[in-house]
Amino acid sequence: MNYEQAKNVALRNGEQVVPTVCGMCGPGGPGGGCGIYAFVKDGRFVRVSGMDESPVNRGGVCAKGHAAPQWVYSPERLTHPLRRVGKKGQGRFEQISWEAAIEHIADTLARQKAKYGAESLAILSPAKRAYSEYLQRFLTVHGSPNYGHSGICVMQRAFAFMYTLGDWPRPDYEQGDLIIYWGRQPIFSGPVARPARAFLSARQRGARIVAIKPSVEPDAGMADIWVPVRPGTDAALALAMLHVVIGENLIDQAFVDTWCYGFKRLKSHVKQYTPEWARQICGVDSGQIVQLARWYATTPRAVIDIGNGLEHAPSASDAIRAIAMLMAVTGHLDRPGTNLFVPAPRAAPRGVALKERYDKDLIDKLVGPEFPSIFQPFLEGPSSAYYRILESVVTEHPYPIRAIIAPGTQPSVSTRGTKTVLAALQKLDFFVTVDVARTAEMNFADVVVPVATSYESGHPYHMAPGWLMATNRVIEPLGEYKSTFQFFLELADAMGYGNDFWGGDIDAAMDDLLEPLDLSMAELMSKPHGIAGKPGPPTYEKYQQTFSRLSPAIGHAPFLPQGKIALYNTTFEAAGFNPLPAWREPPESLTATPELADTYPLILSDYHTSKSFSASWQRNVPHLREIEPEPILHIHPDTATERGIQENDWIRVSSLHGFMKVRARLYHGIRPDTVMVLHGWWQGCKELGLDDYPLADGGANVNVMYSVDQEKAYDPLITAMSSQTLVQVERWEDR
Ligand SMILES: Nc1nc2c(c(=O)[nH]1)N[C@H]1C(S)=C(S)[C@@H](COP(=O)(O)OP(=O)(O)OC[C@H]3O[C@@H](n4cnc5c(=O)[nH]c(N)nc54)[C@H](O)[C@@H]3O)O[C@H]1N2
Ligand SMILES: Nc1nc2c(c(=O)[nH]1)N[C@H]1C(S)=C(S)[C@@H](COP(=O)(O)OP(=O)(O)OC[C@H]3O[C@@H](n4cnc5c(=O)[nH]c(N)nc54)[C@H](O)[C@@H]3O)O[C@H]1N2
Ligand SMILES: [Mo]
């Protein structure tokens, strides 16, 4: 509804209406949240409507968005800061004040800094949040580079694209005649409405749609072609497509001659990757590979939209580079209906990273560089891979991290290697959880800092392309806490870093950010549906400027040293990495470890996004839990029948590394050699009488199942972690 309608409804019902931004995909989650009207009755947040004026969702809201009041008032909410009194893991805490919590944390961090060096502190933050840059700023001022970013989300894609194409080219859904969704979930991945709307309108326009993924999800169900790739083998598929496109000379010769470097070497390199070779690895029929390659190359307006499904394999960088090269050799770049280079915004809020303080000394202290040190800092500043930070606590290699702050992230369910993570949390000197609700590993925390949901704080603002909107306070906080921003500002101030942190004053911090836009926070909050920037006319073929961009790494070399697309990558070569994309097996697979297939004959992988939850939270929300009440494993009926498994049976899924207990969902739309589960299961739901699942073996946390082998489980260039392994599946009672 629009603002007028919202006000009228509120008036009729005796409610107040607050225009704001949805927080259910995470605070300032990737791509921006949806605009909503939040209704308040007698001081209580009661319901939500979609905001017509928001260009992100244009009035739509998903199930998660509607469930916000149940999430906000959940019995799982944390209301007071807590300090551990029992042993680690026991869960015995005493209540302390907000000030006492800040003081205790500040004292401990200062003592540890004096004793072990500033780099002994790490802050974890896998996904991009509205407050992410403040975490980095805090670390920089403290003197640590150990921002525990990902190794699991989005930056892998950004890295492989930037160093191949000089940009991460965004799909032109509006004008594409062929749209290939590759390891991408356009229907459920929030903020829900934008990619889903693009998908459906492309469908209606008659664009051809291809979905490349191991199972049929709603997008694949509505696609013209489903390409049922085996999990973790996309690099093989992409290399074979390059083989076809180049071998059949379906390239844009003029574009290649002018803008690509190393074509001849790529051409001879990909001769080995025949569709028949790829079929054996990725399980896709070779005829389908040829057809797909020809379609893509010969459709002038063809786009590829890649997602998180490509980022979870040891060959992730090769897969993404090979896909970038498909765009390049066909000339499907920055032309109408292809993948476009996005111009930098004309006006943007002030960044808060202290880039001028990044130097070699800081970079050298990275405990487990997310990208090789010579490529650091990358776009979001220096970063260590999330898992490697935790691993260092156990191995003490290259040195042990002593303190971890986890704001809005749950390490025991979000990264592979759960058992090592739990051992690390047991051993760690100081662990601080900063969350709105009980987390999976809260019992290991020394201090628990509760924070406000975005419905309870009057900041920050929120920016999606072409839209700036304040996150307005809907209700007063329900306990003794403030926002995540305020926590870091006040902690910094208590540590003596106030000069770099607006003296701990949140209003000053927000105003400073908005200053380049000639705007104050109060002014922004007075705009009921934010400010929508008018998109300028599209511009195309920005090759020269895109290919000459400088990287932020120390030394500021260009991303593309030849000023051309790096089909042959001399930057990677000089750093000791493969200049050409190649195939690299997952740690366990049918082709890499056939000897394991007798005991573990099926491939296991997982989904990230579901229609009802975000990552590993929101299972505690009854409205959502009723939609997806239990962890289910998708298994092909033939595969199930061979094992005497029927629909809804409890089953045991075991790998070399652990086992899970989940329910069977017999599903024709999945490869018979593959089974898949949603990641992120641990949480119970009090209102529905559902208990937590165990975090390690016997629960439904898929991250216990995978290898974290130092040599085999990572992509060497971008530390992407494998989420594929081999498993056996059997009825629970049969064991
Ligand atoms: N096997 C497997 N593992 C994966 C993935 C996968 O596909 N498969 N996906 C990976 C990806 S892409 C990602 S991004 C990560 C996700 O990993 P994380 O981002 O670590 O996600 P969660 O563990 O769910 O933690 C999010 C937490 O944020 C809290 N929260 C919500 N709002 C706020 C707020 O305003 N402030 C604060 N401080 N906290 C808040 C929630 O209560 C919740 O505890 O998981 C990764 N792990
Ligand atoms: N509702 C909701 N929305 C979200 C989130 C959420 O948790 N819930 N999380 C947000 C975050 S942090 C992120 S990173 C984005 C992610 O959003 P997307 O980038 O769209 O990625 P996913 O949702 O993980 O979807 C990946 C798709 O790849 C498939 N897949 C799995 N393995 C493979 C493989 O090996 N190869 C191929 N080709 N496909 C594979 C999966 O089945 C799935 O369909 O979503 C964001 N939006
Ligand atoms: Mo993510």
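As a reminder, the structure under discussion sits directly above these lines.
Residues numbered from 1 in each chain as written. Chains lettered and ligands numbered in written order. Predicted model: local features only at pLDDT ≥ 70, side-chain atom pairs only at ≥ 80, totals over all residues. Heavy atoms only, no water.

**Overview of helix α13 (residues 286-298)**
For α13, spanning 13 residues, the distance from its first C-alpha to its last is 18 Å, which sits close to the expected 18 Å at 1.5 Å a residue. Those residues of α13 not exposed but buried are Q288, I289, V290, L292, A293, W295, Y296 and A297. Put simply, D285 is the residue that caps the front of α13, since its side-chain oxygen is 3.0 Å from the backbone nitrogen of G287. (Helix = DSSP H or I, 4+ residues; strand = E, 2+ residues; numbered from the N terminus. Expected span 1.5 Å × (residues − 1). Buried < 20%, exposed > 50% of the residue type's maximum accessible area, 1.4 Å probe, protein only. Polar contact = N/O pair within 3.5 Å; in protein donor to acceptor, adjacent residues only side chain to side chain.)

**A word on the site of ligand 1**
Near ligand 1 you find 30 residues, and of these T409, S414, D435, D606 and N703 are the closest. Take R416: an N or O atom from its side chain is 2.8 Å from a nitrogen atom of ligand 1. Between D606 and ligand 1, the recorded distance is 2.6 Å, taken from a side-chain N or O atom to a nitrogen atom. Burial of ligand 1 by the protein chains amounts to 97% of its free accessible area of 920 Å². Grouping the constituent residues of the shell around ligand 1 by class yields 15 nonpolar, 11 polar and 4 charged. Of the domains in this structure, domain 1 (82-151 + 346-456 + 473-520) and domain 3 (594-734) are the two that each give at least three residues to the shell around ligand 1. (Near = heavy atom within 4 Å. Areas by Shrake-Rupley, 256 points an atom, 1.4 Å probe, with all protein chains shown as cover. Nonpolar A, V, L, I, M, F, W, Y, C, P; charged D, E, K, R; others polar. Domains from an automatic or database assignment.)

**Digging into the packing of aromatic side chains**
Both the distance between ring centres and the angle between the ring planes are used here to describe each pair of aromatic rings. Counted under the stated rule, the structure contains 37 aromatic pairs. Consider the rings of Y543 and F547, whose centres lie 5.8 Å apart with planes at 15°: the pair is stacked. With Y543 and F547 both in helix α22 (residues 543-547) and 4 residues apart, the pair spans about one turn of that helix. Its relative accessible area of 0% is what places F547 among the buried residues. Three or more aromatic residues joined by ring pairs make a cluster, and in this case those are W98, Y131, Y134, F138, F485, F487, F488, Y497, F501 and W502. (Phe/Tyr/Trp six-rings, centres within 6.5 Å; stacked < 30°, edge-to-face > 60°.)

**Examining the site of ligand 2**
If you check the shell around ligand 2, you find 31 residues, and the closest are S189, G190, E217, T609 and A615. Here I212 contributes a backbone N or O atom positioned 3.1 Å from a nitrogen atom of ligand 2. Coverage of ligand 2 by the protein amounts to 94% of the 910 Å² it exposes when considered alone. In terms of residues, the shell around ligand 2 owes the most to one element, strand β23 (residues 602-607), which gives 3 residues. Looking at the shell around ligand 2 residue by residue, the class counts come to 11 nonpolar, 13 polar and 7 charged.

**Considering the nonpolar core**
Among soluble globular proteins, nonpolar side chains are generally buried collectively. Counting 110 residues, the largest nonpolar core has L109, F138, Y455, L491, L604, L633 and V729 as the members making the most contacts within it. Looking at this core, you find at least three residues from each of domain 1 (82-151 + 346-456 + 473-520) and domain 3 (594-734). Residues within four places of L604 in sequence aside, it is in contact with L633, M660, V675, V677, V702, M705, Y706, S723, Q724, T725 and V727. Of all hydrophobic cores here, the second largest spans 83 residues; its members include W182, F341, L580 and L717. (Core = buried A, V, L, I, M, F, W, Y, C linked by side-chain atoms within 4.5 Å. Contact = heavy atoms within 4.5 Å.)

**Focus: the state of the cysteines**
In the structure shown here, the tally under the stated rule is 0 disulfides. The thiol sulfur of C25 is not disulfide-bonded, and the nearest other cysteine sulfur, from C62, lies at 6.0 Å. Its relative accessible area of 23% is what places C25 among the partly exposed residues. (Disulfide = S-S within 2.5 Å.)

**Description of the side chain of E380**
Structurally, E380 can be placed in the loop between α15 (360-364) and β15 (384-385). A distance of 3.1 Å separates a polar atom in the side chain of E380 from a polar atom in the side chain of H149. Setting aside chain neighbours within four positions, we find E380 in contact with K128, Q136, H149 and M155.

**Points about the sheet that holds strand β10 (residues 208-212)**
Read from one edge of the open sheet, 4 strands run β11-β10-β9-β13, paired in parallel fashion. Two strands bound the open sheet, and with one partner strand each, they are β11 (225-227) and β13 (302-306). Between one strand and the next, the sheet's axes are offset by a mean angle of 15°, whatever the strand orientation. In this sheet, β10 lies alongside strand β9 (residues 178-182) in parallel orientation, the contact comprising 5 bridges. Among the inter-strand pairings, I180 is bridged to a residue of β10, identified as V210. Strands β9, β10, β11 and β13 of the sheet are contacted by α13, whose axis makes an angle of about 120° with β11. (Pairing = 2+ DSSP bridges. Axes fitted to C-alpha atoms, helices over the stretch in contact; angles between N-to-C directions.)

**Some details on the sheet that holds strand β1 (residues 16-21)**
Ordered in space as β1-β2-β3, the 3 strands form an open sheet in which the pairing is antiparallel. A strand with exactly one partner marks an edge of an open sheet, and here the two such strands are β1 and β3 (44-50). For this sheet, the mean angle separating the axes of adjacent strands, direction not counted, is 30°. Across 6 bridges, the pairing between β1 and strand β2 (residues 35-41) is antiparallel.

**Re the packing of helix α9 (residues 234-247) against helix α14 (residues 316-329)**
Helices that pack against each other are described as a pair by the angle of their axes relative to one another and the distance between those axes. Following both chains from N to C, one finds α9 and α14 inclined at 25°, their axes separated by 8 Å at the closest point. In this view, α9 runs roughly parallel relative to α14, as classed from their interaxial angle. With respect to the hand of their crossing, α9 and α14 are arranged in left-handed fashion. On α14, the residues that touch D234, A235, A238, L239, M241, L242 and V245 of α9 are D318, A319, A322, I323, M325, L326 and V329. Split into classes, the residues belonging to the contact of α9 with α14 amount to 12 nonpolar, no polar and 2 charged. (Parallel < 35°, antiparallel > 145°, perpendicular 65-115°, else oblique. Left-handed = near helix turned anticlockwise from the far one by under 90°.)

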